[in-house]
Amino acid sequence: VNVIALNQQGHLVLVRQFRFGIDAFSLEIPGGVIERGEDPVVAGVRELREETGYAGASARLLGSVHPNPAIQSNRCHLVLVEAVAAVAAPAWDHDEEIAVTTAPVDEVFVLARSGRITHSLVLNALWLFEPVWAELKRR
């Protein structure tokens, strides 16, 4: 599950995390593994709090994707949590190396389009969120 976490100021919660596959840090949205039988939205809310210390007022599923259907059968669920705020210290796993930050939504879209965000599942979540953001800005 990956989480688009939007605060009241129109910023997204981001994590900069070391990724061994690319031997570098990656700018991403929070996310993690769903426990067996766990609802994806519940898992997204849990992972957001564990990884960043943020919690929100409402959460919903934006969509689900097959990360690589050529060789894998898994799905990644993309969750939107709104009105988030820092409520606790993160609870990282022993092998996680993460820096939590926020950035204005429109700047995050620029980072994605310019190639500074390269994680494909993060890009999927951002593109699913883009029309929601456009509607929120119209209000």
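Here, the structure is the one placed above.
Fair warning: this is a prediction, and the values are worked out from it, not measured in the lab.

Procedures and definitions
Each chain carries its own residue numbering, running from 1 in the direction its sequence is written. Where totals are concerned, whole chains, interfaces and linings use all residues; where local detail is concerned, this predicted model gives features only for residues with pLDDT of at least 70, and gives and counts side-chain atom pairs only at 80 or more. Hydrogens and water are ignored here; the side-chain numbers use all heavy atoms of the structure. The helix count covers DSSP runs of H or I at least four residues long, the strand count covers runs of E at least two residues long, and both are numbered beginning at the N terminus. Throughout, the radius of gyration refers to the C-alpha atoms, and the reference size of a globule is 2.2 Å times the residue count to the power 0.38. Relative accessibility thresholds used throughout: buried, under 20% of the residue-type maximum; exposed, over 50%; partly exposed, between the two (1.4 Å probe, protein chains only). Cavities and pockets were defined on a 1 Å grid built over protein atoms only: a cavity is a set of grid points that admits a 1.4 Å probe from which the probe cannot escape, a pocket is an open set flanked by protein on both sides within 12 Å along at least five of seven lines, and lining residues are those with an atom within 4 Å of any such point. Grid points are joined across faces, edges and corners, and a volume is the space filled by probe spheres set on the points. Residues are grouped as follows: Ala, Val, Leu, Ile, Met, Phe, Trp, Tyr, Cys and Pro are nonpolar; Asp, Glu, Lys and Arg are charged; every other residue, Gly included, is polar. As a rule, the C-alpha atoms of each element are fitted with a line to give its axis, helices using only the stretch in contact, and angles between N-to-C directions run from 0 to 180 degrees. If you view the pair so one helix is near and one far, a crossing is left-handed when the near helix is turned anticlockwise from the far one by less than a right angle, and right-handed when it is turned clockwise. In this description, contact between two residues means that some pair of their heavy atoms is separated by no more than 4.5 Å. A carboxyl oxygen of Asp or Glu within 4 Å of a side-chain nitrogen of Lys or Arg is what we treat as a salt bridge.

Visitor: Any details on the overall build of the protein chain? Residues and values, ideally.
Guide: Per the secondary structure count, the protein chain includes three helices and seven strands. Element order for the protein chain, N to C, with α for helix and β for strand: β-β-β-α-β-β-β-β-α-α. Computed over C-alpha atoms, the radius of gyration of the protein chain comes to 14 Å, within 12% of the 14 Å expected from 2.2 N^0.38 for 139 residues, which places it in the range of a compact globule. With the principal axes as the frame, the protein chain shows a C-alpha extent of 40 × 35 × 30 Å. Here the protein chain holds 139 residues, and 40% of them are scored as buried.

Visitor: Just give me the short version of the layout of surface pockets, but keep the residues and values in it.
Guide: Size it by volume and the largest pocket reaches roughly 610 Å³. Those elements giving two or more residues to the lining of the largest pocket turn out to be strand 2 (11–19) and helix 1 (40–52). Residue composition of the lining of the largest pocket, by class: 11 nonpolar, six polar and 10 charged.

Visitor: How would you sum up the packing of helix 2 (residues 105–113) against helix 3 (residues 120–138)? Please name residues and give values.
Guide: Taken N-terminus to C-terminus, the directions of helix 2 and helix 3 make an angle of 145°; their axes are 11 Å apart at the nearest point. In the crossing of helix 2 with helix 3, the sense of the turn from one axis to the other is left-handed. Two secondary-structure elements touch here, helix 2 through Val 105, Asp 106, Val 108, Phe 109, Ala 112 and Arg 113 and helix 3 through Leu 123, Leu 126, Trp 127, Phe 129, Glu 130, Trp 133 and Lys 137. In the contact of helix 2 with helix 3, the residues fall into nine nonpolar, no polar and four charged.

Visitor: Please set out the pattern of salt bridges residue by residue, giving values where relevant.
Guide: Any two side chains of opposite charge can pair if their charged atoms end up close together. The full count for this structure, using the stated rule, is eight salt bridges. Between Arg 46 and Glu 47 there is a salt bridge, with the nearest N and O atoms lying 3.0 Å from each other. One continuous salt-bridge network, built from bridges that share partners, spans Glu 38, Arg 46, Glu 47 and Glu 50.

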